[in-house]
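Here is what each chain is made of, one letter per residue.
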Amino acid sequence: MKLDIGKTTLTSSLKKLPFSYVLNELFHAHSAQVLVDARSIKTGFNLNICRTNYQLKELVERGQIHHARQLFDQMSHRNSCSANMLISGYVKLGDVDNARKLFDGISDPTAVSWTILIGGYSQRKRPIEAFKLYREMCRYGTVPDHVTFATLLSGCDETVTGKEIVQVHDHIVKLGFDSMLKVCNSLVDSYCKSRSFGLGFRLFKEMPVRDSVTFNAMISGYSKDGMDQQAVNLFKEMQHLGLRPSDFTFAALLCASTCLDDVGLAEQIHGLVVKANFVSDVYVGNALLDFYSKHDCMDDARKLFDEMPELDGVSYNIVITGYVWNGLLKEAFGLFRGLHLTRFDQRQFPFATMLSLAANLSDAEMGKQIHAQTILTKADTDVLVGNALVDMYAKCNRYREVNVIFANLSHRSSVPWTALISAYVQNECYEEALAVFNEMRQTNVWGDQATFASTLKACASLSLISLGKQIHSSIIRSGFMSNVFSGSALLDMYAKSGSLKDAILSFHEIPNKNVVSWNALISAYAQNGDDKATIRSFDEMIQSGLQPDSVSFLCVLTACSHRGLVQEALWFFSSMTETYKLVPKKEHYASVVDVLCRKGKFDDAENLITKMPFEPDEIIWSSVLNSCRIHKNQDLAKKAADKLFNMDVLRDAAAYVNMSNIYAAAGQWHEVGKVKKAMRERGVKKVPAYSWVEIKHKVHVFTANDMTHPQSEDIRRKIDTLGKRMEEEGYKPDTSCALHNVDEDIKIESLRYHSERLAIAYSLISTPEGTPILVMKNLRACTDCHAAIKVISKIVGRKITVRDSSRFHHFKDGLCSCEDYW
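Residues numbered from 1 in each chain as written. Predicted model: local features only at pLDDT ≥ 70, side-chain atom pairs only at ≥ 80, totals over all residues. Heavy atoms only, no water.

- The protein chain carries the name Pentatricopeptide repeat-containing protein in an unreviewed UniProt entry, which gives Heracleum sosnowskyi as its organism.

Printed below as a string of structure tokens:
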């Protein structure tokens, strides 16, 4: 009779021998340093395979996988144990791809073979492939055991759906492994990691036996998903049952305390940590450090850090990051230098945090030094460090370096894309930001709420409402509508695109409104010149239980400035300091100075300027100069101009242009010439005025007297036709706005073709009758254009909205929302 076991057959010589004799021979071989594999019975007692498998095992254990593979390839006969050992060797070294190639070459893999490879995928955080392999195993007909299930479930994360885990759960029940505590614990943990808390908690309640591992899985799951109170309640139940918490329990609870902002709870947990003798556990110690550092308790954090019997690189990272967050830069640098004297893995140093610090300080030299360290330690290949490098160079305006690093990133998630978009937005390069966003979408990378918030800001600045609406749809599909920052960014986009109605709707769609969302609403009303709604929203925010911050006050002060509400502005400025104990910034002083000067209260404005705790800047003196032009206060205008002309840095030539206009309005052309000469000598240039409109998803830009547009002849004909109708309505050009020493007719002609009028004319010939028109302008509109657009709105019967550099003007039926105060 022939006995087949696996692929081998008992040799005829062995079959003739008594079984006791064979065993004696095997034991003798073992005494001669020849290991008999426990599975040798499957090889037909082939001693050569047993001997080779022993050598294979030795090579694998020493990590000599290359030599192990050579030996494996030379084996004339192999068994499943041979292949499993080599697959396991590849897996231990993290080389899952070669493990898979070897596995695919096995004609009859065992359950152990499948389980080893599944474990490889799970350990390398590739759960999707692990589950795919498990399904192949089932189709192949190999029956999994409890080790297979525990191994498969150990690698679950949020990429695995609850539905997939339910299918595995059903298989576990079918095979009768649902009574095993270890398997059930793995299931509970998997449900939590896939955020299927309802299913996880139901299994948790149904388990006849639960241990500390079971509770730890649920507590950690609740904590990671922000269900912090549930995590605390479960811990109380765990204590009541007398189960011993582990280091994972305490870490999860401290994380929950951080999110709950409950210092008292954290102190109680700290006491339990000491009582349970986990105070020397570095994992728990780091969780405590993390809590204290995030709650402005850096003294406590540093004291704990100095007392911890064991530290690791994470300990240093937490404290250094805490110092950075709390603005203690000297302490952060000191500890970072101290970290270099340790023996911890330099690749794990908090390079990302330090690069973030360099980015926020716009310190390119500091960033380059840290970059050099990341290259030396090969940490620059880390995803977080790579993303931080993109962010740092982008915020330092080093776009050449950004492009090199970005191109070499091994993995481009939404993070580096967002960093680049945000940097362009912060530097007011809005078109470049939108180009990067479009490129990101073309590579099938889906943004997060930060991506959408930055892109919406670019849309808002350019008033691209059509693109903003597309992003609005993407936010809805992504499920970010409940995010307060996405909602606030949407509100701001609609408000700055002239659609106040949509802005208000966006505000009401935000479920949990905070100060940011309220500020966005208050700002929307302020930009549109609705002082009553601005102040009402400010009061409603306070009534909701929220405290206004410096941004809130800046919004209401801006609204007061736009409407000339002097007393109200002074009252808000006073309550800011006296009632809410906020320290006014330059922007707040600038708003109050502006409202005083606009009303001609120059003495009060100068008095406030002298009382400021800092030197007035370009914005404040520019505000004074502009008001002097309106009120024809030439003496104070000269003083303000001198202050501006003597500044080391000026953003543009606005100060020279304003002073030149003041002299021109007074007919002092000699002084005009002197100012223009000084402007040329300094090398500053006047910012050219331009306006733009979005028609059929395309932006059309116009400058004064523009003849470059393809439809420029049609545009001019429309302007000429409107001009005749405007004269009939009693419009007379205000040639004081044409500040040139030329004939009156030439002045009138130059006013006729200002950029905003060209944009309006193009909109009128390109859109159906009755359609609202939105025009954007980079500078303030002149008084003549303001008067002309009022008349045009009456003639064409359309609502015309113009957003200039200061605010919105809503024109309708011959009137403007600003009531001619602007």
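1. Overview of the overall build of the protein chain
Move 1: Helices and strands together make up the secondary structure of the protein chain, namely 44 helices and eight strands.
Move 2: What you see for the protein chain is a C-alpha radius of gyration of 37 Å, clearly larger than the 28 Å of a compact globule of 822 residues, by over 25%.
Move 3: Dimensions of the protein chain along its principal axes, counting C-alpha atoms only, are 125 × 60 × 55 Å.
Move 4: Total accessible area on the protein chain is roughly 41200 Å²; 52% of this is exposed by carbon and sulfur atoms.
Move 5: Separation between the mean location of the 95 positive side-chain charges and that of the 94 negative ones in the protein chain comes to 4 Å. (Helix = DSSP H or I, 4+ residues; strand = E, 2+ residues; numbered from the N terminus. Rg over C-alpha atoms; globule rule 2.2 N^0.38 Å. Areas by Shrake-Rupley, 256 points an atom, 1.4 Å probe, with all protein chains shown as cover. Lys, Arg positive; Asp, Glu negative; His and termini not counted. Charge placed at Lys NZ, Arg CZ, Asp CG, Glu CD.)

2. So, a nonpolar patch on the surface
Move 1: A contiguous nonpolar surface patch, about 220 Å² in accessible area, is contributed by Tyr690, Val699 and Val701.
Move 2: Residue placement: Tyr690 occurs in strand E3 (residues 690–695).
Move 3: Taking relative accessible area as the criterion, Tyr690 reaches 32% and is therefore assigned partly exposed. (Patch = residues over 30% accessible without salt bridge, like charges linked within 9 Å, V, L, I, M, F, W, Y side chains within 5 Å. Salt bridge = Lys/Arg side-chain N within 4 Å of Asp/Glu carboxyl O. Buried < 20%, exposed > 50% of the residue type's maximum accessible area, 1.4 Å probe, protein only.)

3. Some points on the sheet that holds strand E7 (residues 808–812)
Move 1: Taken together, the six strands give an open sheet; going across it, the order is E4-E3-E5-E6-E7-E8, and neighbouring strands pair in mixed fashion. Both edges of this open sheet fall to strand E4 (698–703) and strand E8 (815–816), since each of them pairs with a single strand only.
Move 2: Looking at chain direction, strand E5 (residues 773–777) and strand E6 (residues 800–803) are connected through four bridges and run parallel. Looking at E6, one finds that Met776 is bridged to Arg803.
Move 3: Contacting E6, E7 and E8, helix H44 (residues 783–796) crosses the sheet at an angle of about 40 degrees to E7. (Pairing = 2+ DSSP bridges. Contact = heavy atoms within 4.5 Å. Axes fitted to C-alpha atoms, helices over the stretch in contact; angles between N-to-C directions.)

4. A short note on the pairing of E5
Move 1: The element E5 is extensively covered by neighbouring structure, given that four of its five residues are classed as buried.
Move 2: Two strands pair when backbone bridges link them, and E3 and E5 are joined in this way by two bridges, in the antiparallel orientation. Across the sheet, residue Ser691 finds its bridge partner in E5, namely Lys777.
Move 3: Taken together, E5, H44 and E6 constitute a β-α-β crossover, and its handedness is right-handed. (Right-handed = clockwise from strand over helix to strand, strands pointing away.)

5. A look at the pairing of E7
Move 1: The buried fraction of E7 is high, at four of five residues.
Move 2: Here four bridges tie E6 to E7, and the two strands are oriented antiparallel to one another. Bridge pairing in E7 places Val802 opposite His809.
Move 3: Between E6 and E7, which pair antiparallel and follow one another directly, the connecting turn spans four residues.
Move 4: Strand direction decides the pairing type here: E7 and E8, joined by two bridges, are antiparallel.

6. What about unusual backbone geometry?
Move 1: A positive phi angle is found at Lys696, which is not glycine, with a value near 50 degrees.
Move 2: Along the chain, Lys696 turns up in the loop between E3 and E4.
Move 3: Positive phi is not limited to glycine here, since His697 has a value of about 65 degrees.
Move 4: By the element assignment, His697 lies in the loop between E3 and E4.

7. Remarks on the packing of helix H10 (residues 162–175) against helix H11 (residues 181–193)
Move 1: The N-to-C vectors of H10 and H11 enclose an angle of 165 degrees; their axes lie 10 Å apart at closest approach. Considering the angle they form, H10 stands roughly antiparallel to H11. As for how H10 packs across H11, the hand of that crossing is left-handed. Together, Gly162, Ile165, Val166, His169 and Ile172 of H10 and Val183, Leu187, Ser190 and Tyr191 of H11 make up the contact between the two elements.
Move 2: Residues belonging to the contact of H10 with H11 are distributed by class as follows: six nonpolar, three polar and no charged. (Parallel < 35°, antiparallel > 145°, perpendicular 65-115°, else oblique. Left-handed = near helix turned anticlockwise from the far one by under 90°. Nonpolar A, V, L, I, M, F, W, Y, C, P; charged D, E, K, R; others polar.)

8. Regarding the UniProt feature "repeat: PPR" (unreviewed entry) in the protein chain
Move 1: As annotated in UniProt, the feature "repeat: PPR" (unreviewed entry) corresponds to residues 110–144, 211–245, 281–315, 413–447, 514–548 and 652–686 in the numbering used here.
Move 2: Along residues 110–144, the helical share is 77% and the strand share 0%, with 9 Å between the first and last C-alpha atoms.
Move 3: Across residues 413–447, the secondary structure splits into 74% helix and 0% strand, with the terminal C-alpha atoms separated by 9 Å. (UniProt positions renumbered as here; feature names shortened; annotations may be inferred.)

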